[in-house]
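Listed below are the residues making up each chain.
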Amino acid sequence: MSTGEKFQRLVEIMARLRGPDGCPWDREQTFDSVKPYTLEETYEVLDAIDRRDWNDLSEELGDFLLQAVFYAQMAGEQNLFAIDDALDAINQKLIRRHPHVFADESAETAGDVKKIWGEVKAAEKKEKGKQADTLLSGVPRALPALVEAQQIASRAAGVGFDWENAEQVIDKLHEELAELNEARRNATHDRLEDELGDMLFVIVNLARFVKVDPEQALRRTNAKFRERFGFIERKLSERGKSLQEATLDEMEALWQEAKR
């Protein structure tokens, strides 16, 4: 079977599952009820990439594709749009937003590409009569906070509202840490939340300056912590001890051993 035929087979299977003689669970689903699964599948794709498990990634991408087909099937049942419309939309968008590949524009660097992409997006919004009221109004509030911070910081930087270098961001981080320490001594919970949020926002900007994805950096640290803490548990178990029975000094010594 060709790639196109395999994709069509997935579309047909989804239609059958939603059909009168299909699966009761699939028939009950709505756009809103499927959303949590979409988020779950997204993170499972990211996890497979982090683990460099390419066989698992292949399977997870299949699950990820199913999400798009599921939504399109429900939309088709309500005469909203079909999967073909979604495919047409992304094909046209990719061609439209890459005039340096499919037309006469030129782009030598990734920065040139981002500039072209932004200009094309602005033209698309203007054509649709959807020009954003403000620079940041186009960033969805429903995004995870870390992703939202990345996007609004990048947009502000794009119009020149930015530090000049990473050293200035680090200075700002020290300033925010001092304010957090002050708030920790005598401030309200709301003030503490504000100061901690300010510090996290500066860290996101620092990540941008050093060209590190903060989400990926934190996921990597989480994985490292899991591995090292698992080492502590295994070593304690070999000694016939549980975590609850171990002293902090014992756990710290094993932590240092896990780091080597």
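The sections below set out a description of the structure shown in this document. Starting from 1, residues in each chain are numbered consecutively following that chain's sequence as written. A pLDDT threshold of at least 70 governs which residues receive local features in this predicted model, and a stricter bar of 80 or more applies before side-chain atom pairs are shown or counted, although totals over entire chains, interfaces and linings include all residues. Calculated side-chain values reflect all of the structure's heavy atoms, with hydrogen atoms and water omitted.

It is worth spelling out the pattern of salt bridges at this point. The rule for a salt bridge is simple: a side-chain nitrogen of Lys or Arg has to be within 4 Å of a carboxyl oxygen of Asp or Glu. For the coordinates displayed, the defined rule picks out 15 salt bridges. Two residues, Arg219 and Asp50, come together in a salt bridge whose shortest N-O distance is 2.8 Å. On the criterion of sequence distance, the pair formed by Arg219 in helix H11 (residues 214-238) and Asp50 in helix H3 (residues 31-50) is long-range, its members being 169 residues apart. A salt bridge links Glu176 to Lys172, with the shortest nitrogen-to-oxygen separation between them at 3.5 Å. In this pair, Glu176 and Lys172 are both assigned in helix H9 (residues 166-186), four residues apart and thus about one turn of the helix distant. Relative accessibility decides the category of a residue: with a 1.4 Å probe and only protein chains considered, values under 20% of the type maximum give buried, values over 50% give exposed, and everything between is partly exposed. Residue class for Lys172 comes out partly exposed when judged on its relative accessible area of 24%. It is possible to trace a salt-bridge network through shared partners that takes in Asp47, Arg51, Asp53 and Asp56. We count a stretch as a helix when DSSP gives it H or I for four or more residues in a row; a strand needs E for two or more, and each element gets its number in order from the N terminus.

Listed in full, the eight residues of the largest apolar core are Val11, Met14, Val34, Val69, Phe70, Ala72, Met74 and Ile83. Contributing elements (two or more residues each) for this core: helix H1 (3-18) and helix H4 (54-77). Of the residues forming this core, the biggest block, four residues, is contributed by H4. Take the buried residues of types Ala, Val, Leu, Ile, Met, Phe, Trp, Tyr and Cys, join any two whose side-chain atoms come within 4.5 Å, and each joined set is a nonpolar core. Judged by nonpolar contacts, the second largest core, of seven residues, contains Phe231, Leu236, Ala246 and Trp255.

Next up on the list: the packing of helix H8 (residues 145-158) against helix H10 (residues 189-209). At a closest axis distance of 9 Å, the pairing of H8 and H10 adopts a crossing angle of 65 degrees. You can see that H8 and H10 cross each other, and the crossing is right-handed. Residues Leu146, Ala149, Gln150, Ile152, Ala153, Ser154 and Ala157 of H8 touch H10, and the partners they reach there are Phe201, Val204, Asn205 and Arg208. Classification convention: Asp, Glu, Lys, Arg as charged; Ala, Val, Leu, Ile, Met, Phe, Trp, Tyr, Cys, Pro as nonpolar; all other residues, Gly among them, as polar. Looking at side-chain class alone, the contact of H8 with H10 contains seven nonpolar, three polar and one charged residues. Helix axes use the C-alpha atoms of the stretch in contact, all axes being lines fitted to C-alpha atoms, and the angles between their N-to-C directions lie in the range 0 to 180 degrees. Two helices crossing with the near one rotated counterclockwise from the far one by less than a right angle form a left-handed crossing, whereas a clockwise rotation gives a right-handed crossing. Contacts were defined at the residue level, with two residues in contact if any of their heavy atoms lie within 4.5 Å.

A rise of 1.5 Å per residue sets the reference length of helix H7 (residues 110-128), with its 19 residues, at 27 Å; its end C-alpha atoms lie 27 Å apart and thus fit the reference within 8%. Inspection of H7 places Ile116, Val120 and Glu124 among the buried residues, and these make up the whole buried set. Along the axis of H7, the buried positions cluster into a sector of 75 degrees, meaning they face one direction only. Projecting away from the buried face of H7 at angles above 90 degrees are the exposed residues Lys114, Lys115 and Lys126. Among the residues of H7, the N-terminal cap falls to Thr109, whose side-chain oxygen and the backbone nitrogen of Asp112 are separated by 3.1 Å. Helix span, expected: 1.5 Å multiplied by one less than the number of residues in the helix. The arc in question is formed by the directions pointing from the helix axis toward the C-beta atoms. Polar contact is the term for a pair of N or O atoms within 3.5 Å; when the atoms are in protein, one must be able to donate a hydrogen and the other to accept it, and sequence-neighboring residues count only if both atoms are side-chain atoms.

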